[in-house]
Structures are given as structure tokens and as C-alpha cells.
Amino acid sequence: MAMSVGDGGDDAPMSDINTTPLVDVMLVLLIIFLIAVPVVIQSIDLALPKVQFEPTTTKPENVALSITGAGGQCQVYWGMTPVSSRELLEKGVEKLKKEIDRQGGPNAAGLELPEVHIRGDVNTPYRCIGGTIYTMQMAGFVKVGFISEPEAGSSVTRL
């Protein structure tokens, strides 16, 4: 890199900016980032199970919800009864309290909380299903599962 020494006997201050140190600092930062970025971005290779479907054990205390989103309107059904999000929260809290009381109270040994099983229509927007999951978690349910319908002729196997 070149450096300007001056014009000889001229006592005027130099008006040019020396960019050499700036370029040197930028090159060092570039090299540091090129080395640091692959170290920061890490991924873990996972071999996830390939499951066609797993049969679920239906218990009478579990909550079965069906969700449709026809025309952009979310509709949630508790069993066969359509419910609003407020009714869903109230029924969820009530159901959970009854089940805990039936098993001996919140401090009972071996307390098994009911699960929520959601059947969502293929064309249902995510906001409908996500809102339902959020509402049921607010009600106190810990386990939420999705029910799907396997293709005709498929079997229950782990690949």
C-alpha cells in the first residue's frame, strides 16, 4: 500500500484521509468473522423415527376436539358441540378440575391428567389450530396430541 509523504516544502496540512489503517482493520474483522461463523452455526444430525402412524389409546377422560377453518372462520367442536374460544377455556378448566378431584385432588399420588386430542381438517389455517392449542394450555392441559387418519391399506410399523 502506498503512503503520501508530502509535497516537499509546503507547510500546509495534508487534507487526504489515510484509509490504510481502516482497510487493515476491516480485513482482520472479515477474517475473524469467516473463522467464527462456522463455529457458531452448529447443527445436530438426528435420525428421527419414521412412523406411518401410531394407534392412540382412547380414555374416557381425554378431550376430543375437532377443528375446521372453512371460509377462514375457525370453528372448534368439543365432541360434537361447537364452542367459542371462551367456552373452550371454561369447559377445559372445568373438565380438568373435575378429573383432578376425581383422582383425589392435586396432591394425589399417581395423578394422571387427561390429554387433548385434536383432529384438524387439512385445509384449516394454522392460526385456528395454534389458537386452540394455546387455549387448552391456558386451561391447564399439558399433553396435546394430533389425530390423523392413515392412508387406506397402511399398517402400523416403525421403519
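Remember, it's a predicted structure, so these values are computed and weren't measured experimentally.

**Student:** Where do I start with the overall build of the chain in this structure?
**Tutor:** Each helix and strand in the chain was counted, giving three helices and five strands. Of the regular secondary structure in the chain, the N- to C-terminal order runs α-β-β-β-α-β-α-β. Every one of the 159 residues in the chain was classed for burial, and the buried ones make up 18%. Per element, the accessible surface of the chain, about 12600 Å² overall, is 59% carbon and sulfur.

**Student:** Could you clarify how one ought to interpret the nonpolar core in this entry?
**Tutor:** The tendency in soluble globular proteins is for nonpolar side chains to be buried side by side. Ranked by internal contacts, the top residues of the largest apolar core, which has 17 residues, are Leu 65, Trp 78, Leu 88, Met 136 and Phe 141. Of all elements in the fold, only strand 1 (63-68), strand 2 (75-78), helix 2 (85-102), strand 4 (116-120) and helix 3 (126-139) reach the threshold of two or more residues within this core. Considering each element in turn, this core owes the most residues, five residues, to helix 3.

**Student:** Help me understand the pattern of salt bridges in this model?
**Tutor:** In a structure, side chains of opposite charge can pair up when their charged atoms sit close to one another. Within the structure shown, the criterion is met by two salt bridges. Across the salt bridge formed by Lys 98 and Glu 94, the nearest N and O atoms sit 3.3 Å from each other. Of this pair, Lys 98 and Glu 94 both sit in helix 2, four residues apart, which is roughly one turn of the helix. Classification of Glu 94 by relative accessible area gives partly exposed; the value is 44%. Close ionic contact of Arg 102 with Glu 99 constitutes a salt bridge, the shortest N to O distance being 2.5 Å. Within this pair, Arg 102 and its partner Glu 99 are both found in helix 2, separated by three residues, close to a single helical turn. The exposure class of Glu 99 is buried, given its relative accessible area of 7%.

**Student:** Help me out: how do you make sense of the sheet that holds strand 3 (residues 81-83) in this one?
**Tutor:** Whether parallel or antiparallel, the strands of a sheet pair through hydrogen bonds between backbone atoms. Spatial strand order, 3-2-1-4-5: five strands in an open sheet with mixed pairing. Looking at the sheet topology across the chains shown, the edges are occupied by strand 3 and strand 5 (144-146). For this sheet, the mean inter-axis angle between neighbouring strands, taken without regard to orientation, is 30°. Alignment of strand 4 against strand 5, held across three bridges, turns out to be parallel. Note on strand 5: the bridge partner recorded for Val 116 is Val 144.

**Student:** How should the pairing of strand 1 be read in this particular structure?
**Tutor:** Each regular strand shows side chains that alternate between the opposite faces of the sheet. Residues Val 63, Leu 65 and Ile 67 of strand 1 are buried on one face, while the alternating residues Ala 64, Ser 66 and Thr 68, pointing to the opposite face, are not. Two elements, strand 1 and strand 4, share five bridges in a ladder whose sense is parallel. Directly across from Val 63, in strand 4, lies its bridge partner Val 116. In this structure, the hairpin formed by strand 1 and strand 2 is closed by a connection of six residues, where Gly 71 is found at a positive phi of approximately 70°.

**Student:** Where do I start with helix 2 in this structure?
**Tutor:** Look at helix 2: 26 Å from first C-alpha to last across 18 residues, which is about the 26 Å you get at 1.5 Å a residue. For helix 2, the set of buried residues is Leu 88, Gly 92, Leu 96, Glu 99 and Ile 100. Viewed end-on, helix 2 has its buried residues packed into an arc of 95°, placing them on one side of the element. Those residues of helix 2 that are exposed and angled more than 90 degrees off the buried face are Arg 86, Lys 97, Lys 98, Asp 101 and Arg 102. Of the surrounding elements, those touching the buried residues of helix 2 are strand 1, strand 2, strand 3 and helix 3. Residue Gly 104 follows helix 2 closely and has a positive phi angle near 110°.

Each value, and the rule that gives it
Residues numbered from 1 in each chain as written. Predicted model: local features only at pLDDT ≥ 70, side-chain atom pairs only at ≥ 80, totals over all residues. Heavy atoms only, no water. Helix = DSSP H or I, 4+ residues; strand = E, 2+ residues; numbered from the N terminus. Buried < 20%, exposed > 50% of the residue type's maximum accessible area, 1.4 Å probe, protein only. Areas by Shrake-Rupley, 256 points an atom, 1.4 Å probe, with all protein chains shown as cover. Core = buried A, V, L, I, M, F, W, Y, C linked by side-chain atoms within 4.5 Å. Salt bridge = Lys/Arg side-chain N within 4 Å of Asp/Glu carboxyl O. Pairing = 2+ DSSP bridges. Axes fitted to C-alpha atoms, helices over the stretch in contact; angles between N-to-C directions. Expected span 1.5 Å × (residues − 1). Arc of directions from axis to C-beta. Contact = heavy atoms within 4.5 Å.

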